[in-house]
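Per-entry structural report
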Amino acid sequence: MLNVHATSQDRRIEGHQTETHAELVPDGRGRTSRPEPECPVEVALAAISGRWKTLVLRELMGGPHSFSDLREALPELSAKVLTERLTELVGQGLVERDTLAGFPARTSYRLTAAGMELRPLLVELYRTGSALMAFAASFSR
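Structure report, in brief. (Residues numbered from 1 in each chain as written. Predicted model: local features only at pLDDT ≥ 70, side-chain atom pairs only at ≥ 80, totals over all residues. Heavy atoms only, no water.)

1. Examining the packing of helix α3 (residues 40–48) against helix α4 (residues 53–61)
Pairs of packed helices are described in terms of their axes, by the angle between the two and the distance that separates them. Note the cut-off: Helix axes are fitted only over the stretch in contact, all axes being lines through C-alpha atoms; the angle between N-to-C directions runs from 0 to 180 degrees. By definition, any uninterrupted DSSP run of H or I lasting at least four residues is a helix, any uninterrupted run of E lasting at least two residues is a strand, and each is numbered from the N terminus. Should an angle lie under 35 degrees it is considered roughly parallel, over 145 roughly antiparallel, and from 65 to 115 roughly perpendicular; all remaining angles are considered oblique. Any two residues having at least one pair of non-hydrogen atoms within 4.5 Å are treated as being in contact.
Between α3 and α4, whose axes approach to 8 Å, the crossing angle comes to 85°. Here α3 lies roughly perpendicular to α4, going by the angle between them. In this structure, α3 contributes A46, A47 and I48 to the contact, and α4 contributes K53, T54 and L57.

2. A look at the sheet that holds strand β3 (residues 106–111)
Heads up, the rule is: Two strands qualify as a pair provided that DSSP identifies no fewer than 2 bridges between them.
Overall, antiparallel pairing links the three strands, which are arranged β1-β3-β2 in an open sheet. Unpaired on one side and paired on the other, β1 (65–66) and β2 (95–100) mark the two borders of the sheet. Running at roughly 95° to β3, α4 makes contact with β1, β2 and β3 of the sheet.

3. Considering the nonpolar core
Put simply, the rule is: Working definition of a nonpolar core: buried Ala, Val, Leu, Ile, Met, Phe, Trp, Tyr and Cys residues. They are joined through side-chain atoms within 4.5 Å. For every residue, the accessible area obtained with a 1.4 Å probe (protein chains only) is divided by the maximum for its type, and the residue is called buried under 20%, exposed over 50%, and partly exposed between those limits.
If you look at the biggest cluster of nonpolar residues, it comprises 18 residues, and the most contacted ones within it are V56, L57, L60, L86 and L118. Breaking this core down by element, the ones donating at least two residues are α3, α4, α6 (79–91) and β3. Sorting elements by how many residues they give to this core places α4 first, with four residues. Dropping the residues within four chain positions of it, L57 is found in contact with A47, I48, L89, L111, L118 and L122.

4. Structural notes on α6
Note the cut-off: Multiplying one less than the number of residues by 1.5 Å gives the expected span of a helix. In this description, one arc is meant: the one made by directions from the helix axis to the C-beta atoms.
Helix length check: α6 (13 residues) gives 18 Å between terminal C-alpha atoms against 18 Å at 1.5 Å per residue, within 8%. Within the sequence span of α6, burial applies to L82, R85, L86 and L89. Angular distribution of buried residues about the axis of α6 spans 100°; they occupy a single face of the element. For α6, the exposed residues lying more than 90 degrees away from the buried face are K80, T87 and G91. Just downstream of α6 lies G93, where phi reads positive at about 80°.

5. With respect to a nonpolar patch on the surface
Which entries qualify depends on this criterion: The residues that make up patches have over 30% relative accessible area and no salt bridge, and they are joined within 9 Å when like-charged or within 5 Å when they are Val, Leu, Ile, Met, Phe, Trp or Tyr. Here the Shrake-Rupley method, with its probe set to 1.4 Å, supplies the accessible areas, and only the displayed protein chains count as covering residues. Counted as salt bridges are all cases of a side-chain nitrogen of Lys or Arg within 4 Å of a carboxyl oxygen of Asp or Glu.
Judged by side-chain polarity, L132, F135 and F139 come together as a nonpolar surface patch covering roughly 400 Å² of accessible area. Mapped onto the fold, F139 is located in helix α8 (residues 119–139). The exposure class assigned to F139 is exposed, which follows from its relative accessible area of 73%.

It is worth stressing that arrangement in space is one thing and function is another; only the former is reported here.
Below you can see the structure in the form of structure tokens.
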């Protein structure tokens, strides 16, 4: 088991860092001394950063939704902020906006293939967050 309180030097001595480091940084794009826009981790974090964005993505993981559907699913999210988040997600190429024929015209939003790539990240973030909450609860007793 990896000692989370060990220093980098301790991990190197124990032999854990080599395995973990290779998994965390499999190529040179992540071997930077500061956050860089070309780092895959930074790209993934930018895709989900922003208040409400993960919840909008979660809703769209189930399939296309109209603006009204999203407002209904997230009633505490204002129309203004929902519009901002959808605009950001469309701009990032993660969501596609379709205008449906009819009167009045309806708009539908759906994840692109790139947006669907976020599913495992969101699942893992939820799992990790749950584990961290359990650890925090055990320390507060």
